[in-house]
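Coordinate analysis (summary)
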Amino acid sequence: MVVAWWSIIPFVLLLGCIAVLPLIPATEKIWDRNLVKLIVALLLGVPIAVWFLLGGEGGTVAHALLEYFQFIVLIGSLFVASGGIFLVGDIKATPKNNTIFLAVGGVLASFIGTTGAAMLLIRPILNTNQDRTHRTHTVIYTIFIVANCGGLLTPLGDPPLFLGMLRGVPFEWTFGLWPYWLFVNALLLVSFYALDSKMYAKEPAEALAKDAEYATKLGLRGASGLVFLAIIIIAVAFIPSVDAHAIEAGHASFAEYVPWRELVMLASAMTSFLFGDRGARFNLNKFTWTPILEVGALFIGIFLTMMPALAYLGQVAHKIPLGEISLFVFTGGLSSVLDNAPTYVTFFEMAAQVPGEPRVAGVAEALLIAVSLGAVMGGAITYIGNGPNFMVKSVADSANVAMPSFGGYVWWSLRRLVPVLAAMVLIFMTEGVWLSLIGVLLALLILGQAGRDLRAAKATSGV
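Remember, it's a predicted structure, so these values are computed and weren't measured experimentally.

1. Some words on the overall build of the chain
- Along its length, the chain carries 23 helices and four strands.
- Relative to its length of 463 residues, the chain is compact, with a C-alpha radius of gyration of 22 Å against a globular reference of 23 Å.
- When its C-alpha atoms are laid out on the principal axes, the chain stretches across 65 × 60 × 45 Å.
- Within the chain, the fraction of its 463 residues that count as buried is 54%.
- Partitioning the intrachain contacts of the chain with sequence separation of at least 6 by distance along the chain shows that 80% fall at a separation of at least 24.
- Counting only carbon and sulfur atoms, one obtains 70% of the accessible surface of the chain, whose full area is about 19600 Å².

Here it is in structure tokens:
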């Protein structure tokens, strides 16, 4: 089925609704209702699904709905399981402690997944910073580091890398990406520490006094929730789901029709909800279903309207010049607005057609690195690039953190994330000495901005 460029209009309209409607006073309160979001998502997505069905692309629709089901079960299960865990005590919300939180999350993300790490840490981060007035930047950097860039070292870290493993990329291959992981996350952590120091110096004295007054040692309530989280993560890594390829080929057995992985996740989440620490969930975490309902309402529309966008990308892909930098730019750029997992697959298959040695899973290794980096790190550029991004935003919204709009978040990423990624590309992925030097200069400029933030913090605090 051939699609025209205009077929992506519903997808663009949905993104426009997410970006613009919360900013217009006349629509702000209406859009805040999850039912309204669901209606808009279905009005834009269902006609696309019907069009694809009538065009003989029923398999594409079924695959999109299956991916949506798998996505929402994973996000929802982790949300429910982590909702029963509470980090008791209240350490001071200092720049040092916040940076340690993000650094730990950046490591955990590669081993329990960006979604698991983000859902596990976002509530403790919000609880630690509840007495501070400047909290938005901390949530944004949580999305940058914990929900995206930290998940580069194993196939468990991010869905694109898991799909790469299913296509033959060795499990341990991603460990070789540690220089990129270390460079990006270290620069982001330095940038965050300096910015948080600047914001900390601007905090009202009463806010800091309140934060210090209630500071106590850390402990854990609802520790059984860690078991349920572990079960969900193990299910992602080792338990099969529906075998769509076998079904399409017409030789699937009964077992290949059953979503075993999702059933285990749902059972784990349900057990956590019914038998976990209810005090930790409802009294301490103030658990509500609103964030996951918001994600579910919007992403059904995103998965459906994304179908022609991905199809059109496949049609024009052969016109894209394929090299390390172009693959990183296109994979990263499109992963920021399309789901990063199917974007990874599209460019993985394209890269497999390009000669080059050595090869990993049939792809020139340099190109595979570019695709992997683009899919994982580019997913941080917008709220919808990676599954946990919007989930973190929704949880923060529920905690009354003033999160930026869709466009406002992109502005943050263009200023604070994209220059770091550009420096990485110039230093690690170019051959010319001058380009590498420009990358080093850009990294020094980022560090210079951090230095200015630290000086501003000292000037404000009078130290």
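2. Describing the packing of helix 5 (residues 95-112) against helix 9 (residues 178-201)
- At a minimum axis separation of 9 Å, helix 5 and helix 9 run at an interaxial angle of 155°. Accordingly, the angle class assigned to the pair helix 5 and helix 9 is roughly antiparallel. The hand of the helix 5/helix 9 crossing is right-handed. Listed contacts from helix 9 to Pro95, Lys96, Asn98, Thr99, Leu102, Ala103, Gly106, Val107 and Ser110 of helix 5 are Trp181, Leu189, Phe192, Tyr193, Asp196, Ser197 and Tyr200.
- Tallied by class, residues from the contact of helix 5 with helix 9 come to nine nonpolar, five polar and two charged.

3. Details of the nonpolar core
- Grouped together as the largest cluster of nonpolar side chains are 131 residues, with contacts concentrated most on Tyr141, Phe144, Val184, Leu188, Phe299, Leu373 and Met424.
- By residue number, the principal contributor to this core is helix 16 (residues 290-316), which donates 13 residues.
- Those residues in contact with Phe144, other than ones at most four positions away along the chain, are Cys149, Leu188, Ala380, Tyr409, Trp412, Ser413, Arg416 and Leu417.

4. Quick notes on the pattern of salt bridges
- A complete count under the given rule lists nine salt bridges for this structure.
- In this structure, the salt-bridge partner of Asp131 is Lys210, at a minimum N-O distance of 4.0 Å. Taken together, the positions of Asp131 in the loop between helix 6 (114-128) and helix 7 (136-149) and Lys210 in helix 10 (residues 205-213) put the pair 79 residues apart, joining distant regions of the chain.
- Of the charged contacts, one joins Asp196 and Arg132 as a salt bridge, the two residues approaching to 3.0 Å between their closest N and O atoms. Separated by 64 residues along the polypeptide, Asp196 in helix 9 and Arg132 in the loop between helix 6 and helix 7 bring together distant segments of the chain. Side by side, Asp196 and Arg132 carry an identical accessibility label, which is buried.
- Because the salt bridges share partners, they merge into one network encompassing Arg132, Asp196 and Glu203.

5. Looking at helix 17 (residues 324-335)
- Over its twelve residues, helix 17 extends 16 Å from the first C-alpha to the last, a length consistent with the 16 Å expected when each residue adds 1.5 Å.
- Buried within helix 17 we find Ser326, Leu327, Phe328, Thr331, Gly332 and Ser335.
- Next to the buried residues of helix 17 lie helix 18 (340-351), helix 19 (365-378) and helix 22 (418-428).

6. Some points on the side chain of Thr154
- Following the sequence through the fold, Thr154 ends up in the loop between helix 7 and helix 8 (159-166).
- Residue classification places Thr154 among the buried positions, given a relative accessible area of 1%.
- Here Ser110 takes part through its backbone oxygen, which lies 2.2 Å from a polar atom of the side chain of Thr154.

7. With respect to helix 19
- Taking 1.5 Å per residue, 14 residues should reach 20 Å; helix 19 reaches 19 Å between its end C-alpha atoms and fits that length.
- Helix 19 sits mainly inside the fold: twelve of its 14 residues count as buried.
- Within the sequence span of helix 19, burial applies to Leu367, Leu368, Ile369, Ala370, Val371, Ser372, Leu373, Gly374, Ala375, Val376, Met377 and Gly378.

8. Some remarks on the packing of helix 17 against helix 18
- One can describe the packing of helix 17 onto helix 18 by two numbers: an axis separation of 9 Å at closest approach and a directional angle of 155°. Our classification of the angle between helix 17 and helix 18 gives roughly antiparallel. With respect to the hand of their crossing, helix 17 and helix 18 are arranged in right-handed fashion. Facing helix 17, whose interface residues are Leu327, Phe330, Thr331, Leu334 and Ser335, helix 18 presents Asn340, Thr343, Phe347 and Ala351.

9. Brief notes about the environment of Leu182
- Mapped onto the secondary structure, Leu182 falls in helix 9.
- Counting along the chain gives 30 residues from Leu182 to Leu152, while the straight-line C-alpha distance between them is 9.9 Å.

10. Let's talk about the environment of Met377
- Its location among the elements puts Met377 in helix 19.
- With near-sequence residues (within four places) excluded, Met377 lies in contact with Cys149, Leu152, Tyr180, Trp181, Val184, Leu417, Leu421 and Met424.

11. Topic: the side chain of Glu262
- With respect to the helices, strands and loops of the structure, Glu262 is situated in helix 14 (residues 260-275).
- Among the polar contacts made by the side chain of Glu262, one reaches the side chain of Ser241 at a distance of 2.6 Å.
- Excluding residues within four positions of it along the chain, Glu262 makes contact with Phe69, Gln70, Val73 and Ser241.

12. Quick notes on the packing of aromatic side chains
- With the rule as written, the count across this model stands at 22 aromatic pairs.
- Here the aromatic rings of Phe111 and Phe175 are separated by 6.4 Å at their centres, their planes lie at 40°, and the arrangement is tilted. Taken as a pair, Phe111 in helix 5 and Phe175 in the loop between helix 8 and helix 9 lie far apart in primary sequence, 64 residues in all.
- A relative accessible area of 37% places Phe175 in the partly exposed class.

13. Quick notes on unusual backbone geometry
- Between Glu357 and the following residue, Pro358, the backbone shows a cis peptide bond with an omega angle of -5°.
- Within the element layout of this structure, Pro358 appears in the loop between helix 18 and strand 3 (359-360).
- A positive phi is found at Lys286, a non-glycine position, where the angle reads about 50°.
- As for its placement among the helices and strands, Lys286 is situated in the loop between helix 15 (278-284) and helix 16.
- Phi at Asn400 is positive, roughly 65°, even though this residue is not glycine.
- Structurally, the position occupied by Asn400 is in the loop between helix 20 (387-398) and helix 21 (406-416).
- Residue classification places Asn400 among the exposed positions, given a relative accessible area of 66%.

The rules we used
- Residues numbered from 1 in each chain as written.
- Predicted model: local features only at pLDDT ≥ 70, side-chain atom pairs only at ≥ 80, totals over all residues.
- Heavy atoms only, no water.
- Helix = DSSP H or I, 4+ residues; strand = E, 2+ residues; numbered from the N terminus.
- Rg over C-alpha atoms; globule rule 2.2 N^0.38 Å.
- Buried < 20%, exposed > 50% of the residue type's maximum accessible area, 1.4 Å probe, protein only.
- Contact = heavy atoms within 4.5 Å.
- Areas by Shrake-Rupley, 256 points an atom, 1.4 Å probe, with all protein chains shown as cover.
- Axes fitted to C-alpha atoms, helices over the stretch in contact; angles between N-to-C directions.
- Parallel < 35°, antiparallel > 145°, perpendicular 65-115°, else oblique.
- Left-handed = near helix turned anticlockwise from the far one by under 90°.
- Nonpolar A, V, L, I, M, F, W, Y, C, P; charged D, E, K, R; others polar.
- Core = buried A, V, L, I, M, F, W, Y, C linked by side-chain atoms within 4.5 Å.
- Salt bridge = Lys/Arg side-chain N within 4 Å of Asp/Glu carboxyl O.
- Expected span 1.5 Å × (residues − 1).
- Polar contact = N/O pair within 3.5 Å; in protein donor to acceptor, adjacent residues only side chain to side chain.
- Phe/Tyr/Trp six-rings, centres within 6.5 Å; stacked < 30°, edge-to-face > 60°.

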